[in-house]
Amino acid sequence: MNYAVLVSGRGSNLRAILEAVANGSLNANIVCIISNNADAPALQIGTEFGVPAHAVASRGKKRVEHETEVLACLSQYKIDFLVLAGYMRVLTPHFLKPFYDSEAGIYRVINIHPSILPAFPGAAGYDEAFNYGVRLSGVTVHLVDEQVDHGPILAQETFPRLAEDTLETFKQRGLAVEHRLYPQVLQQIALEGVKILPRPLTDKSNVPTEAPVK
Ligand code: GRF
């Protein structure tokens with residue numbers, strides 16, 4: 001299984017994924033890393049693990065222009081799934097199209113989001129959940145579709161908000177879940193393909209499938 005990872009910043013999930021590959025708990029190749037931000041610490045993490053790490057800057061570019069550059073960079077590699085790990089860009093249908101698997105009816109693009117979706121989508125999942133006063137929050141790993149933080153759910157795991165929590169301790173507890181869950185889900189996909197549960201359909205892009213994707 002070949003994964004390419006898209007990042008924008010810190011890269012703690014990228015590190016967890018690369019460590020899982022290094023310690024043998026994730027049987028996959030991380031073929032390349034691309035950041036839309038040349039200053040992202042995540043790029044250094046890629047280099048540390050000997051994975052080709054590319055900066056494809058998005059600043060000052062039209063969305064589709066940047067996406068075309070990222071697709072050109074990715075085209076050097078053989079990729080089964082794209083893995084978003086803190087990639088702070090909304091993906092357009094133009095970008096997603098090459099990853100469409102018509103047999104399975106999915107895009108071969110995976111994301112991790114710091115809430116139990118569909119609660120608290122968007123760029124600040126932990127902050128919004130904490131400020132809302134949730135007693136229980138969590139992490140969602142899902143396939144990407146044309147809407148933000150919306151595609152079919154692959155895995156979810158909850159964690160409690162403790163009475164003494166600050167936003168910082170709440171986030172740390174969530175990140176620890178992310179770092180365990182994301183490599184586990186990627187390993188499950190490497191072994192068994194994608195498994196999603198049916199849900200009520202709003203449009204054709206949500207058509208569920210039982211067929212594993214290999
Ligand atoms: C994580 O909380 C992830 O769920 C969200 O963005 C954050 C990225 O953190 N999509 P990192 O760059 O992996 O440390």
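Criteria and cut-off values
Position labels on residues start from 1 in each chain and follow its written sequence. Where local features are concerned, this predicted model is filtered to residues with pLDDT of at least 70; where side-chain atom pairs are given and counted, the filter is 80 or more; whole-chain, interface and lining totals use all residues. Calculation of side-chain values draws on the structure's entire complement of heavy atoms; hydrogens and water are dropped beforehand. For helices the rule is a DSSP run of H or I covering at least 4 residues; for strands it is a run of E covering at least 2, with both sets numbered from the N terminus onward. Per-residue accessibility, obtained with a 1.4 Å probe over protein chains only, is compared with the maximum for each type, and a residue is labelled buried under 20%, exposed over 50%, and partly exposed between these values. Any pair of N or O atoms that falls within 3.5 Å is considered a polar contact. Within protein, one atom must be able to donate a hydrogen and the other to accept it, and sequence-neighbouring residues count only if both atoms are side-chain atoms. Note on definitions. A residue lies near a molecule or strand when any single heavy atom of the residue is within 4 Å of it. Method for areas: the Shrake-Rupley scheme with a 1.4 Å probe, in which residue coverage is limited to the protein chains shown. Here the term cavity refers to a set of points on a 1 Å grid, laid over the protein atoms alone, in which a 1.4 Å probe fits but cannot get out; the term pocket refers to an open set having protein on both sides within 12 Å along at least five of seven lines, with lining residues being those that place an atom within 4 Å of a point. A molecule is said to be in a cavity or pocket once over half of its atoms fall within 2 Å of that pocket's grid points.

Draft legend 1. Main features of the environment of arginine 199. Note on placement: arginine 199 falls in the segment after helix H6 (167-192). Take arginine 199: its relative accessible area is 29%, and that puts it in the partly exposed class. The spatial distance from the C-alpha of arginine 199 to the C-alpha of alanine 20 is 31 Å, given a sequence separation of 179 residues. Here the side chain of arginine 199 touches histidine 150 through a polar contact of 2.6 Å, landing on its backbone oxygen.

Draft legend 2. Structural view of the site of the ligand. Close to the ligand lie Arg10, Gly11, Ser12, Asn13, Gly86, Ile112, Pro114, Tyr126 and Glu178, which account for all nearby residues. Between the ligand and glycine 11 there is a distance of 2.8 Å, counted from an oxygen atom to a backbone nitrogen or oxygen. In this structure, an oxygen atom belonging to the ligand sits 2.5 Å away from a side-chain N or O atom of serine 12. Taken by itself the ligand offers 370 Å² of open surface, and the protein chains cover 87% of this. Of all the cavities here, the one that holds the ligand is the largest pocket.

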